[in-house]
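For reference, the chains in residue letters:
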Amino acid sequence: MTRQAGIVAQALLVVCLLAAGDALGQSCPALDENEKAALAAEHLFGGPPSPGAILIRRGYVTEYDATRRVPRWAAWHAAPEYLMPPKRKGRWARFRTDPDVANPVRKSHYNGLFAAFDLARGHIVPYFIAGGDRDGDGQDAEIETADNLPVEDIDDACTVFEVNYMSNIAPQLHGTFNGAGGLWYALETKVRKDIVGAGRPIHIIAGSVFGDAPVRKVGPNKDIHVPHMFYKILIGEAGAVAFLFTHEARIGPKGCAPDAALESCIVTVGDIEAVTGLDFFADLGDEAEALIEDTDGRAVWQTLLGQ
DNA sequence: CGGTGGCTGGGG
DNA sequence: CCCCAGCCACCG
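This one's a predicted model, so the numbers in the text were calculated from it and none came from an experiment.

A. A look at a negative patch on the surface. Together, D32, E33, E35, D135 and D137 give the surface a local cluster of negative charge. Looking at where E35 falls in the secondary structure, it is placed in helix α2 (residues 33-43). Owing to a relative accessible area of 38%, E35 belongs among the partly exposed residues under this scheme.

So this is what it looks like as structure tokens:
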């Protein structure tokens, strides 16, 4: 190949990769109604916390806030068999445009935010629960055979792709929140290693909080809203424990500062409802709902940790 | 897509 | 101590 041809080939490669950078996740088989019902039943503990339209995925269920362009909440079942997703590299690492929302956020919309504001593409439903044989055909998204050849199950690959949809992403401060050393990372790590990884499956609901304070809006159209706070609720057999974290601003009287100890971020489910307007676990019925919402979060936390 | 890099915390 | 894991970023 001549030098000129080499330059042309290189340019073409770059163009193709730039186009692929905003790729759609469009190759996944659609879920039928029976599959959707089963997935909602698995992931959505106690019913949806709001009456809005929900998106049902293989690994989670979510309500996307199309106005603020971030997830409002997401709910998922975190089980030990889901802790083995393919290594997060190559196509498994790619953020994907959600084909199921209108005017979707694209990966490129976050370009430059990290350098300018330390805002990263933060997963609400984490990558590490995207594994497992979700469709029960005996094959995961990617396994190694005896011949050391990777074998792929497209349905389970879609679990991974859907976790990487940009509709599962919110702008999160990397250094002080989402990255190593941040409270969001610290809680995810505890869940992955010390709760689910220790053999105790749980249900999780997490989401964003917006209140009466100035909202930072980012992206090319300045329409991606940076949440004021984030919350996460863990539900186990002993009850629920809720965490409320300040991100850009504290809304209401609760919620810990970025440099607080993780345990000091524990609040009640009612505190999350007060600041979000959501109603969790409504399908349980008043008695069971009150029971799970009135449990001592700190005691539940210790139980989940096996202590 | 592969390669490389920064950051922090945990472990040998 | 260094090295690795898990968050990410950016480059061609």
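B. Structural view of the sheet that holds strand β1 (residues 55-56). Spatially, the seven strands line up as an open sheet ordered β1-β2-β3-β8-β11-β12-β13, and their pairing is antiparallel. Both outer strands of the open sheet, β1 and β13 (266-267), are each paired with one neighbouring strand and no more. Running at roughly 85 degrees to strand β3 (residues 70-78), α2 makes contact with β1, β2 (61-65), β3 and β8 (202-209) of the sheet. Along the sheet face, helix α7 (residues 269-276) touches β3, β8, β11 (229-236), β12 (239-246) and β13 and points at about 45 degrees away from the line of β12.

C. Region of interest: the state of the cysteines. Evaluated as defined, the whole model comprises two disulfides. One disulfide in the model links C28 with C158; its S-S distance is 2.1 Å. Judged by the sign of its S-S torsion, about -110 degrees, the cystine formed by C28 and C158 is left-handed. With a gap of 130 residues between them, C28 in the loop between α1 (3-20) and α2 and C158 in helix α4 (residues 154-163) connect regions that are remote in the sequence. Each sulfur in the disulfide pair C256 and C265 lies 2.0 Å from the other. Of note, the bridge from C256 to C265 carries an S-S torsion of about 85 degrees and is right-handed in sense. In chain A, numbering the disulfide-bonded cysteines from first to last in sequence yields the connectivity 1-2, 3-4.

D. Spotlight on the protein's contact with DNA strand B. In the neighbourhood of DNA strand B, seven residues make up the surrounding shell, with G90, R91, R94, H174 and A180 lying closest. Between a phosphate oxygen of DNA strand B and a side-chain N or O atom of R94, the distance comes to 3.2 Å. The side chain of H174 places a nitrogen or oxygen atom 3.4 Å from a base nitrogen of DNA strand B. Split into classes, the residues belonging to the surface near DNA strand B amount to two nonpolar, three polar and two charged.

E. Highlighting the side chain of N168. Tracing the backbone through its elements, the reader meets N168 in the loop between α4 and β7 (169-173). Looking at N168, its side chain comes within polar contact range of the main-chain oxygen of V163, at 2.9 Å. Leave out the neighbours within four places in its chain, and N168 touches Y60, P71, G122, H123, I124, V125 and V163.

F. Expanded view of the packing of aromatic side chains. One pass over the structure, following the stated rule, counts 11 aromatic pairs. Note on F243 and F245: the rings are 6.2 Å apart at their centroids and 15 degrees apart in plane angle, and the pair reads as stacked. One aromatic cluster is present, built from ring pairs that chain together F177, W184, F230, F243, F245 and W301. Geometry around F161 places R96 over its ring, the cationic atom sitting 3.8 Å from the centre.

G. Broad picture of helix α9 (residues 297-304). Taken residue by residue, α9 has G297, V300, W301 and L304 as its buried positions. End-on, the buried residues of α9 take up no more than an arc of 105 degrees, which puts them together on one face. Here the buried face of α9 lies against α6 (183-195), β8, β11, β12 and β13. Once α9 finishes, G306 follows within two positions and takes phi at roughly 80 degrees, a positive value.

H. Spatial organisation of the nonpolar core. Formed by 61 residues in total, the largest nonpolar core has its most connected members in W76, I195, I202, L234, F243, F245 and W301. Those elements giving two or more residues to this core turn out to be β3, α4, β7, α6, β8, β11, β12 and α9. Residues in contact with W301, not counting those within four places in the same chain, are L187, K190, I195, L234, V241, F243, L262, E263 and I266. Counting 26 residues, the second-largest nonpolar core is a separate cluster that includes L39, A240, F280 and I292.

The rules behind these values
All residue numbers here refer to positions counted from 1 along the written sequence of the relevant chain. Written order determines the labels here, with chains lettered from A and ligands numbered from 1. Residue-level local features of this predicted model are given only where pLDDT is at least 70; pairs of side-chain atoms are given and counted only at 80 or more, and the full residue set underlies all totals for whole chains, interfaces and linings. As a rule here, side-chain values come from all non-hydrogen atoms in the structure, and water together with hydrogens is ignored. Surface patches are drawn from residues lacking salt bridges whose relative accessible area is over 30%; two like charges belong together within 9 Å, two nonpolar side chains (Val, Leu, Ile, Met, Phe, Trp, Tyr) within 5 Å. A 1.4 Å probe and the Shrake-Rupley method give the accessible areas. Residues count as covered only by the protein chains that appear here. Here, a salt bridge means any Lys or Arg side-chain nitrogen found within 4 Å of an Asp or Glu carboxyl oxygen. The sign given to each residue is positive for Lys and Arg and negative for Asp and Glu; His and the chain ends receive no count. To locate a charge, take atom NZ for lysine, CZ for arginine, CG for aspartate or CD for glutamate. Here a strand is any run of E in DSSP of at least two residues, a helix any run of H or I of at least four, and the numbering for each starts at the N terminus. Each residue is assigned to one of three classes by its accessible area relative to the maximum for its type, calculated with a 1.4 Å probe on protein chains only: buried under 20%, partly exposed between the two thresholds, exposed over 50%. Strands qualify as paired when DSSP identifies two bridges or more between them. Contact criterion: two residues are considered in contact whenever any of their non-hydrogen atoms come within 4.5 Å of each other. Geometry is summarised by axes, namely lines fitted to C-alpha atoms with helices restricted to the contacting stretch, and by angles between N-to-C directions that run from 0 to 180 degrees. Disulfides are defined in this document as cysteine sulfur pairs within 2.5 Å. Distances are taken per atom, and a residue is near a molecule or strand as soon as one of its heavy atoms is within 4 Å of it. Pairing of N or O atoms within 3.5 Å defines a polar contact, subject to two protein rules: one partner must be a possible hydrogen donor and the other a possible acceptor, and residues neighboring in sequence count only if both atoms are side-chain atoms. Think of it as three bins: nonpolar holds Ala, Val, Leu, Ile, Met, Phe, Trp, Tyr, Cys and Pro, charged holds Asp, Glu, Lys and Arg, and polar takes everything else, Gly as well. Note on ring pairs: Phe, Tyr and Trp rings are taken, using the six-membered ring of Trp, and paired if centres are within 6.5 Å. Classes follow the plane angle, with under 30 degrees stacked, over 60 edge-to-face and the rest tilted. Consider the ring centre and the ring normal. A charge sits over the ring if Lys NZ or Arg CZ is within 6 Å of that centre and within 35 degrees of that normal. Taken from the helix axis, the directions to the C-beta atoms give the arc we talk about. Buried residues of nine kinds, namely Ala, Val, Leu, Ile, Met, Phe, Trp, Tyr and Cys, make up a nonpolar core once their side-chain atoms join them within 4.5 Å.

So, to be careful, I would describe these as geometric facts and stop short of saying anything about function.
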